[in-house]
Amino acid sequence: SSVIVKYILAKKLFRSGRYNDALDELRKINSFNNPVTPFILFLEGSTLSILKKYDQSIRVFNDCVRVSEKEIKNQEVGYRKRQLKINRDNCIVGIARSEFAWRKFDSANLHYLDLEKQSEVWPEILFEEAWNSYYQKDYNRTLGKLVTYKAPVLSFVFNPEIDVLRAVTYLKMCLWGDSRRVVEEF
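This is a predicted model, so every value here is computed, not measured.

The rules we used
Residues numbered from 1 in each chain as written. Predicted model: local features only at pLDDT ≥ 70, side-chain atom pairs only at ≥ 80, totals over all residues. Heavy atoms only, no water. Disulfide = S-S within 2.5 Å. Helix = DSSP H or I, 4+ residues; strand = E, 2+ residues; numbered from the N terminus. Buried < 20%, exposed > 50% of the residue type's maximum accessible area, 1.4 Å probe, protein only. Axes fitted to C-alpha atoms, helices over the stretch in contact; angles between N-to-C directions. Parallel < 35°, antiparallel > 145°, perpendicular 65-115°, else oblique. Left-handed = near helix turned anticlockwise from the far one by under 90°. Contact = heavy atoms within 4.5 Å. Salt bridge = Lys/Arg side-chain N within 4 Å of Asp/Glu carboxyl O. Core = buried A, V, L, I, M, F, W, Y, C linked by side-chain atoms within 4.5 Å. Nonpolar A, V, L, I, M, F, W, Y, C, P; charged D, E, K, R; others polar.

**Some details on the state of the cysteines**
Throughout this description, disulfide means a covalent bond between two cysteine sulfur atoms.
Right, so step 1: Scanning the entire structure with this criterion turns up 1 disulfide.
Right, so step 2: Cys64 shares a disulfide with Cys91; S-S distance 1.9 Å. Where Cys64 bonds to Cys91 through sulfur, the torsion about that S-S bond is close to 55 degrees, and the disulfide is right-handed. In this pair, Cys64 is assigned in helix H4 (residues 54-73) and Cys91 in helix H5 (residues 79-101), connecting sequence segments 27 residues apart. Just as Cys64 is buried, Cys91 falls in that class too.

Here is the structure:
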């Protein structure tokens, strides 16, 4: 269908960094009764956020959550339902990311909490939550989020920036020895 073609074109434009062109293509799609609509909304919200149109991106991400939820309820257990849940969760996180970029750290913190711990995207979001706490100057919470990555269930996560954030946080707390230890362990 033409909706899918426009969506694929918008995705290619997005990936090539042509965000305004991607947005133009997405805005040509006016069907809310299409199986691709939740994914179109996620792409539109992401594009708006990159373009620093945070208020618009948050509105689109909220629509994305609502439409994804509606579609999830209409699905039996299976691959499509899983895709829709991941999309919904990415839209929830998209709200928090837009607020973080907009420097609305308190609001971002609340929206990060909307993501269920069972979500497949939750492990990678802990790191973003830690940065948000860092900017709120809540260094103990920052370290608390980061220590979660030491749990055996999250042993698959490898992100060297976790150690960087941990060391910088210790520096902010004037815990020079702890900061040095993190650097040496790295």
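From this point, the discussion proceeds with the structure in view.
**Considering the packing of helix H7 (residues 122-135) against helix H9 (residues 161-172)**
The description of two packed helices rests on the angle between their axes and on the distance between the axes.
Right, so step 1: Where H7 meets H9, the closest approach of the two axes is 11 Å, and the angle between their N-to-C directions is 20 degrees. The angle between the axes of H7 and H9 places the two elements in the roughly parallel class. Here H7 and H9 pass one another in a crossing that is left-handed. In this structure, H7 contributes Phe127, Ala130, Trp131 and Tyr134 to the contact, and H9 contributes Glu161, Ile162, Leu165, Val168, Thr169 and Lys172.

**Overview of the pattern of salt bridges**
Close approach of charged atoms lets side chains of opposite charge pair.
Right, so step 1: In total, this model carries 14 salt bridges according to the counting rule given.
Right, so step 2: The partner of Asp21 in a salt bridge is Arg18, and the shortest N-O contact between them spans 2.9 Å.
Right, so step 3: Residue Arg18 is classed as partly exposed on the basis of its relative accessible area, which comes to 46%.
Right, so step 4: Across the pair Arg97 and Glu128 runs a salt bridge whose closest N-O atoms are separated by 2.6 Å. Here the residue Arg97 occupies a position in helix H5, and Glu128 occupies one in helix H7, the gap between them amounting to 31 residues.
Right, so step 5: Within this structure, Glu69, Arg88 and Asp89 form a network of salt bridges that share partners.

**A look at the nonpolar core**
Right, so step 1: The biggest cluster of nonpolar side chains holds 31 residues, and the ones touching the most others in it are Tyr112, Leu115, Phe127, Leu146, Tyr149 and Leu165.
Right, so step 2: If you list the elements that add at least two residues to this core, you get helix H3 (37-50), H4, H5, helix H6 (105-112), H7, helix H8 (139-147) and H9.
Right, so step 3: With 7 residues, H7 is the single largest residue contributor to this core.
Right, so step 4: Phe127 has contacts with Leu146, Tyr149, Asn159, Glu161, Ile162 and Leu165, leaving out every residue within four places of it along the chain.
Right, so step 5: Grouped together as the second largest cluster of nonpolar side chains are 14 residues, Leu13, Ala22, Val36 and Phe39 included.

**Here we look at the packing of H3 against H4**
Right, so step 1: One way to put it is that H3 packs onto H4 with a least axis distance of 8 Å and a crossing angle of 165 degrees. Compared by their axis directions, H3 and H4 come out roughly antiparallel. For the crossing formed where H3 meets H4, the hand is left-handed. The segment H3 lies against H4, with Thr37, Pro38, Leu41, Phe42, Glu44, Gly45, Ser46, Leu48 and Ser49 engaging Tyr54, Gln56, Ser57, Val60, Phe61, Asp63, Cys64, Val67, Ser68 and Glu71.
Right, so step 2: Along the lines of polarity and charge, the residues of the contact of H3 with H4 split into 9 nonpolar, 7 polar and 3 charged.

Read these as layout, nothing more, since geometry by itself doesn't imply function.
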